[in-house]
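# Coordinate inspection notes
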Amino acid sequence: EAAVTQSPRSKVAVTGGKVTLSCHQTNNHDYMYWYRQDTGHGLRLIHYSYVADSTEKGDIPDGYKASRPSQENFSLILELASLSQTAVYFCASSPRLGGQNTLYFGAGTRLSVL
Amino acid sequence: TQTVSQSDAHVTVFEGDSVELRCNYSYGGSIYLSWYIQHHGRGLQFLLKYYSGNPVVQGVNGFEAEFSKSDSSFHLRKASVHWSDSAVYFCAVSATSSGQKLVFGQGTILKVYL
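Okay, so let's go over this structure. What you see is a predicted model, and the numbers here were worked out from it, not measured in a lab.

### So, the sheet that holds strand β3 (residues 19-25) of chain A
All names here are of chain A. Across the sheet, 4 strands lie side by side as β1-β3-β8-β7; this open sheet has antiparallel pairing. Whereas interior strands pair on both sides, the edge strands pair on one side only; in this sheet they are β1 (4-7) and β7 (65-67). Averaged over all pairs of adjacent strands, the angle between their axes in this sheet comes to 20 degrees, without regard to strand direction. Here β3 runs beside strand β8 (residues 73-78); their pairing, made up of 6 bridges, is antiparallel. Across the sheet, residue T20 finds its bridge partner in β8, namely I77.

### Some thoughts on the interface of chain A and chain B
Listed as interface residues are 24 residues of chain A and, on the opposing side, 19 residues of chain B. Roughly 1,700 Å² is buried in total at the junction of chain A and chain B, and carbon and sulfur atoms are behind 49% of that figure. Scanning the region where chain A abuts chain B turns up 0 salt bridges. One can count 4 residue pairs in polar contact (both at pLDDT 80 or more) joining chain A with chain B. Mapped by element, the contributors of at least two residues to the side of chain A that touches chain B are β4 (31-38), β5 (42-51) and β9 (87-94) of chain A. The element contributing the most residues to the side of chain A that touches chain B is β5 of chain A, with 5 residues. When grouped by side-chain class, the residues that make up the side of chain A that touches chain B number 12 nonpolar, 10 polar and 2 charged.

### Comments concerning the environment of P8 of chain A
Residue and element names in this part refer to chain A. Looking at the element boundaries, P8 is found in the loop between β1 and β2 (10-13). Accessibility expressed as a relative area gives 30% for P8, which makes it partly exposed. Sequence-wise, P8 and T109 are 101 residues apart; in three dimensions their C-alpha atoms are separated by 6.2 Å. Among residues more than four places away in sequence, those in contact with P8 are T20, L21, G108 and T109.

### Considerations on the nonpolar core
Residues and elements named next belong to chain B. With 27 residues, the main nonpolar core has W35, L47, L48, F74, L76 and Y89 as its most contacted residues. Mapped by element, the contributors of at least two residues to this core are β2 (10-14), β3 (19-21), β5 (31-38), β6 (45-50), β8 (64-68), β9 (73-78), β10 (87-95) and β12 (108-113). Ignoring any residue separated from it by four or fewer positions in sequence, one finds L76 in contact with V19, E20, L21, W35, L47, L48, F63, E64, A65 and Y89.

### Let's talk about the layout of surface pockets
Within this model, the largest pocket holds a volume of roughly 650 Å³. Counting only elements with at least two residues in the lining of the largest pocket, the list comes to β4, β9 and β11 (109-113) of chain A together with β10 of chain B. Along the lines of polarity and charge, the residues of the lining of the largest pocket split into 9 nonpolar, 15 polar and 5 charged.

### A closer look at the packing of aromatic side chains
Per the counting criterion, the structure on display carries 19 aromatic pairs over all chains. When the ring of W34 of chain A is compared with that of F74 of chain A, the centres are 6.5 Å apart and the planes differ by 35 degrees; the resulting orientation is tilted. Separated by 40 residues along the polypeptide, W34 of chain A in strand β4 and F74 of chain A in strand β8 bring together distant segments of the chain. Feature note: the residues Y33, Y35, F90 and F105 of chain A together with Y36, F46, F90 and F104 of chain B constitute an aromatic cluster, connected by ring pairs.

### Some words on the pairing of β5 of chain A
All names here are of chain A. With 7 of 10 residues buried, β5 lies mostly within the body of the structure. Across 7 bridges, β4 lies against β5 in antiparallel orientation. Note on β5: the bridge partner recorded for W34 is H47. Direction of pairing for β5 relative to strand β6 (residues 54-57): antiparallel, over a ladder of 3 bridges. Bridging across to β6, Y48 finds its partner in E56. Hairpin connection, β5 to β6: the antiparallel pair is bridged by 2 residues, and D53 has positive phi, about 70 degrees.

Procedures and definitions
- Residues numbered from 1 in each chain as written.
- Chains lettered and ligands numbered in written order.
- Predicted model: local features only at pLDDT ≥ 70, side-chain atom pairs only at ≥ 80, totals over all residues.
- Heavy atoms only, no water.
- Pairing = 2+ DSSP bridges.
- Helix = DSSP H or I, 4+ residues; strand = E, 2+ residues; numbered from the N terminus.
- Axes fitted to C-alpha atoms, helices over the stretch in contact; angles between N-to-C directions.
- Contact = heavy atoms within 4.5 Å.
- Buried area = accessible area lost by both parts, 1.4 Å probe.
- Salt bridge = Lys/Arg side-chain N within 4 Å of Asp/Glu carboxyl O.
- Polar contact = N/O pair within 3.5 Å; in protein donor to acceptor, adjacent residues only side chain to side chain.
- Nonpolar A, V, L, I, M, F, W, Y, C, P; charged D, E, K, R; others polar.
- Buried < 20%, exposed > 50% of the residue type's maximum accessible area, 1.4 Å probe, protein only.
- Core = buried A, V, L, I, M, F, W, Y, C linked by side-chain atoms within 4.5 Å.
- 1 Å grid on protein atoms, 1.4 Å probe; cavity = no way out; pocket = protein on both sides within 12 Å on 5 of 7 lines; lining within 4 Å.
- Points joined across faces, edges and corners; volume = space filled by probe spheres on them.
- Phe/Tyr/Trp six-rings, centres within 6.5 Å; stacked < 30°, edge-to-face > 60°.

Any functional reading would require information beyond the geometric quantities listed.
Structure below.
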């Protein structure tokens, strides 16, 4: 069964520390995304990628970097974690053709920055 | 820039009732509209989407949505809800020119009482 797997499922980080959130998909999809979810704001797009070794900025990229070393893997990096980055982070994938604009989400990573 | 508005933060119904969750969007060009469901502690799951053709689209588990260009709306409906339909529902829009970047509404929490 096709799947998007995120790790870790939850993490507590200290302010100023580095955090890496990982995402692995077995959907054979070209596109991958990182969204964050905050209460009352729905989901907001941080970074996305159309192809391996290339990433694009989404709507709220400040404070985040992304890395897509292969089609299957997409990481979100917080170089200097801040309190405001406490949120739930979702990774998703979608096919380039034949089902485009249908996103398949992981279960999420709950990040708490203290 | 496309935007999505879900005017009802909370909707409460009893099992067997019908329900309509409202979604309005603003964008002047060609778009995809979709609905996703998020059960507590889980990732989002695709329900249905509209791009063109019949304005009423059928989704999983008896959900349907109707597109109205004149009202800029894409409301989600279900004729008879079950307690397991309790979840958060997100409407999303993506411009066909934006490369599958979805913009999500704030979400509507649906609670179904027995």
